[in-house]
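# Tertiary structure, described
Residues per chain are reported as follows:
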Amino acid sequence: MAKSSLKSTLAVSLNNYLDAGAIVAGGSGITLWQSYLGLSEMHLGWLNALSANALGAAIGAIIGGFLADKFGRKFIFTYNLLVYMLGVLIVMLSVNFPMLLAGFLITGISVGIGVPASWTYISESSEVNNRGRNICISQMSWGFGPMIILLMGMLFAPGGYLYAPVESLAHAVIGADAVKEAIEVFSSRVVFLTLFIVALIAWTLQRQLEESAEFEATKEASKENGENTGLLHSFSVLFSNKVARNSAMFLAAIYLTWNLVASVMGFFSPHICETAGGVSNEYANWMNCIQWAIVVGVTFCISNIIDRTSHKILYILGLVFALCTWLLVVSVGVNSVTSLWAFVILWGLNGGISVQIFYALWGSELFPAKFRAGAQGLMFFIVRGLSAVWGLVFTFIYGDNGEGFTIAAYCMIALLLTSLIIGVLGCPNTRGKSLDAITKERYGEHF
């Protein structure tokens, strides 16, 4: 991998760290916020629905995708993380449910704005034989985020090794006579502070990046041809072109059916381990930390072979692990520590070869540069928006103490099977081809 490609990939990949980190920071500390603010399961559902896990990111994606195609990928990198830092700051300072919800929503919108530009920029700045590897590096960052955030959540949580300084900080800020719940929630506030710091570092690095050469070439060609580059025109081209429309439907289908499952696991996984598995909050967080370590390790291995291995085989393998995860729930259950660990490990193996890797890769390959980010933003909007609705539905199915977990598992199996079938039937042959060659092959010489 060329040095310049690696440098830009690492800088932009921090967005994935912040995306997944925001989701898991909310999930790992949700029990503390629930105790502090007296939240119900419905409140938790709304936090998930409007967060970086769902609707917040959906709103941001459709805005960010088309802004990236109109003004450039660097435009997003210059301003977007300022919005992220504002959202995180509101969460850190929250003293009631509306504040917490607003912080989650603003953070989620920023995450959504950054995702299409990030995946597009990584693909456009990659060498032909390193594009898959660079996307995997980005996904490794998506795994590092939860792993590190969960680890910090455990260290800072009540009873954790670093809880004493958190407790001292809380007493200094809100007084020594503050109620127990107000003191304990400071561990979550500190975790969000670390996200603020990483976002500041990422913003500093991304402002130094050069604009995508492919975007600049496309913009110059549009000027010379007098082509309309407005947002409405981009929408009309995307929907009127049969190849683009079919590509969007294919990618939205495989990503939606997988993400409806993954979004629940991303936000509710510690909660599931505690309620359905019957383990403590600390033990649940340790299990999920190890799960994310598996994701990172498997993704690293895949990054070394993805550019020279059949994408269809890797895609099938990832979904086999995902299906085994939920088949375990309906066949054996997760009431024992052994079966709960099997549940966690199997989902970690799936995460390392996730549908999201191929969605990110194919999403940047199957569309021309003129609406590449916009198409991804639209699909991300659809997927995360429906994931928001599913997050609310899941809380009803699951119940307060996991009594509906088996029914939920059957729903997950149906969704994953759908993703597997559609992905196998529609898997594109793009490996080893340049983005320009793929565009000409699919859309013609002068598109």
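Residues numbered from 1 in each chain as written. Predicted model: local features only at pLDDT ≥ 70, side-chain atom pairs only at ≥ 80, totals over all residues. Heavy atoms only, no water.

### A closer look at the overall build of the protein chain
Condition: By definition, any uninterrupted DSSP run of H or I lasting at least four residues is a helix, any uninterrupted run of E lasting at least two residues is a strand, and each is numbered from the N terminus. Note that the radius of gyration is over C-alpha atoms, with the globule rule given as 2.2 Å times the number of residues to the power 0.38. Note on contacts: a residue pair qualifies if any of its non-hydrogen atoms lie within 4.5 Å across the two residues. The Shrake-Rupley method, run with a 1.4 Å probe, gives the accessible areas here. Residue values count only the displayed protein chains as cover.
Regarding its fold elements, the protein chain presents 20 helices and zero strands. For 447 residues, the compact-globule formula gives about 22 Å, and the C-alpha radius of gyration of the protein chain, at 21 Å, lands near that figure. Taking the contacts inside the protein chain whose residues are at least 6 apart along the sequence as the reference set, 83% of them involve residues at least 24 apart. Of the roughly 16700 Å² of accessible surface on the protein chain, a fraction of 67% belongs to carbon and sulfur atoms.

### Here's the deal with helix H2 (residues 30–37)
To be explicit about the condition: Buried, partly exposed and exposed residues are distinguished by accessible area as a fraction of the type maximum, computed with a 1.4 Å probe on protein chains only: under 20%, between the cut-offs, and over 50%, respectively.
Looking at H2, one finds that the buried residues are Ile-30, Leu-32, Trp-33 and Gln-34. Taken from the residues just after H2, Gly-38 is the one with a positive phi, measuring 65 degrees.

### Some remarks on the packing of helix H7 (residues 131–156) against helix H14 (residues 281–303)
Two quantities define a packed helix pair, namely the angle between the axes and the distance from one axis to the other. Cut-off, in case you're wondering: As a rule, the C-alpha atoms of each element are fitted with a line to give its axis, helices using only the stretch in contact, and angles between N-to-C directions run from 0 to 180 degrees. What sets the label is the angle itself: under 35 degrees gives roughly parallel, over 145 gives roughly antiparallel, 65 to 115 gives roughly perpendicular, and the rest give oblique. Helix crossings get a hand from a simple test, with the near helix turned counterclockwise from the far one by less than a right angle marking a left-handed crossing and a clockwise turn marking a right-handed one. Residue type decides the class: Asp, Glu, Lys and Arg count as charged, Ala, Val, Leu, Ile, Met, Phe, Trp, Tyr, Cys and Pro as nonpolar, and the leftover types, Gly among them, as polar.
Interhelical geometry of H7 versus H14 gives an angle of 165 degrees and a closest axis separation of 8 Å. The pairing of H7 with H14 is recorded here as roughly antiparallel in orientation. Judged by the twist between their axes, the crossing of H7 over H14 is left-handed. Across the contact of H7 with H14, the residue classes tally to 17 nonpolar, six polar and two charged.

### Comments concerning the side chain of Asp-19
Structurally, Asp-19 is set in helix H1 (residues 3–28). Each residue touching Asp-19, except ones within four places of it in the same chain, is listed here: Ala-52, Val-111, Val-115, Trp-142 and Arg-384.

### Quick look at the state of the cysteines
Put simply, the test is: Throughout, disulfides are identified as pairs of cysteine sulfur atoms within 2.5 Å of each other.
Per the counting criterion, the structure on display carries zero disulfides. Looking at the unpaired Cys-273, the closest cysteine sulfur is the one in Cys-289, lying at 12 Å. Cys-324 provides the cysteine sulfur closest to Cys-411, a residue in no disulfide bond, and the two sulfurs are 19 Å apart. On the basis of relative accessibility, which here comes to 26%, the residue Cys-411 falls in the partly exposed class.

### So, the nonpolar core
Filter applied, for reference: Nonpolar cores were defined as sets of buried Ala, Val, Leu, Ile, Met, Phe, Trp, Tyr and Cys residues, with membership established by side-chain atoms within 4.5 Å.
If you look at the biggest cluster of nonpolar residues, it comprises 134 residues, and the most contacted ones within it are Trp-326, Trp-362 and Phe-367. The greatest single-element share of this core, amounting to 16 residues, is contributed by helix H13 (residues 242–275). In this structure, Phe-367 is in contact with Leu-238, Ala-244, Ser-247, Ala-248, Leu-251, Arg-372, Ala-375, Met-379, Thr-439 and Tyr-443, ignoring residues within four places of it in sequence.

### Some words on the packing of aromatic side chains
We count it as follows: Stacked, edge-to-face and tilted labels apply to pairs of Phe, Tyr and Trp rings (six-membered ring for Trp) whose centres lie within 6.5 Å, assigned for plane angles under 30 degrees, over 60, and everything in between, in that order. Consider the ring centre and the ring normal. A charge sits over the ring if Lys NZ or Arg CZ is within 6 Å of that centre and within 35 degrees of that normal.
A complete count under the given rule lists 18 aromatic pairs for this structure. Ring pairs connect the aromatic residues Trp-119, Tyr-255, Trp-258, Tyr-359 and Phe-380, which therefore count as one cluster. Cation over ring: Arg-189 sits above Phe-186, and NZ or CZ is 5.2 Å from the ring centre. Against the face of Trp-203 rests Arg-207, its NZ or CZ located 4.5 Å from the ring centre.

### Description of the pattern of salt bridges
For the record, the criterion: Any carboxyl oxygen of Asp or Glu that lies within 4 Å of a side-chain nitrogen of Lys or Arg is treated as forming a salt bridge with it.
What the rule picks out here adds up to eight salt bridges. The salt bridge involving Lys-180 is made with Glu-184; its shortest N-O contact spans 3.9 Å. Of this pair, Lys-180 and Glu-184 both sit in helix H9 (residues 180–184), four residues apart, roughly one helical turn. Residue class for Lys-180 comes out exposed when judged on its relative accessible area of 56%. Here Asp-436 ties to Lys-440 by a salt bridge, and the two come within 3.3 Å at their closest N and O atoms. Remark: Lys-440 and Asp-436 occur in helix H20 (residues 435–443); sequence separation between them is four residues, near one turn of the helix. According to the relative accessible area criterion, Asp-436 is partly exposed, its value standing at 43%. Shared partners join several salt bridges into a network, and the residues in it are Asp-69, Arg-73, Glu-124, Glu-214 and Arg-372.

### So, helix H11 (residues 213–225)
In an α-helix, one turn spans 3.6 residues, which is why side chains three or four residues apart end up on the same side. Stated formally: Given the number of residues in a helix, its expected span is that number minus one, multiplied by 1.5 Å. Each C-beta atom gives one direction from the helix axis, and the arc is the one those directions make.
Counted at 1.5 Å a residue, the expected span for H11 with its 13 residues is 18 Å, and the 18 Å between its end C-alpha atoms agrees. Of all the residues in H11, the buried ones are Phe-215, Thr-218 and Ser-222. Buried residues in H11, looked at end-on, bunch into an arc of 65 degrees, giving them a common side. Exposed residues pointing more than 90 degrees away from the buried face of H11 are listed as Ala-213, Lys-223 and Glu-224.

### Here's the deal with the environment of Ala-217
Within the secondary structure, Ala-217 sits in helix H11. Classification of Ala-217 by relative accessible area gives partly exposed; the value is 47%. Taking C-alpha positions, Ala-217 is 9.8 Å from Lys-370, a pair spaced 153 residues apart along the chain.

### Description of a nonpolar patch on the surface
Note the threshold: Here the term patch refers to residues with relative accessible area over 30% and no salt bridge, with like charges joined within 9 Å and nonpolar side chains (Val, Leu, Ile, Met, Phe, Trp, Tyr) within 5 Å.
Together, Ile-59, Ile-63, Phe-381, Ile-382 and Leu-386 make up an exposed nonpolar region whose accessible area comes to about 370 Å². Those elements that provide at least two residues to the nonpolar patch are helix H4 (55–71) and helix H18 (372–398). The element that contributes the greatest number of residues to the nonpolar patch is H18, accounting for three residues. Relative to the assigned elements, Phe-381 resides in helix H18.

### A look at the side chain of Ser-212
One can find Ser-212 in the loop between helix H10 (186–206) and H11. Overall, the relative accessible area of 4% leaves Ser-212 in the buried class. Other than its neighbours up to four places away in sequence, Ser-212 contacts Arg-73, Tyr-121 and Glu-124.

### Observations concerning the environment of Ser-13
Checked against the element boundaries, Ser-13 lands in helix H1. The contacts of Ser-13, once residues within four sequence positions are left out, are Ile-122, Ile-137, Ser-138 and Ser-141.

### With respect to the environment of Val-264
In this fold, Val-264 is placed in helix H13. Residues Val-264 and Ala-388, 124 residues apart in the sequence, show an inter-C-alpha distance of 9.6 Å. If sequence neighbours within four positions are ignored, Val-264 has contacts with Ser-269, Ile-272, Trp-390, Phe-394 and Met-412.

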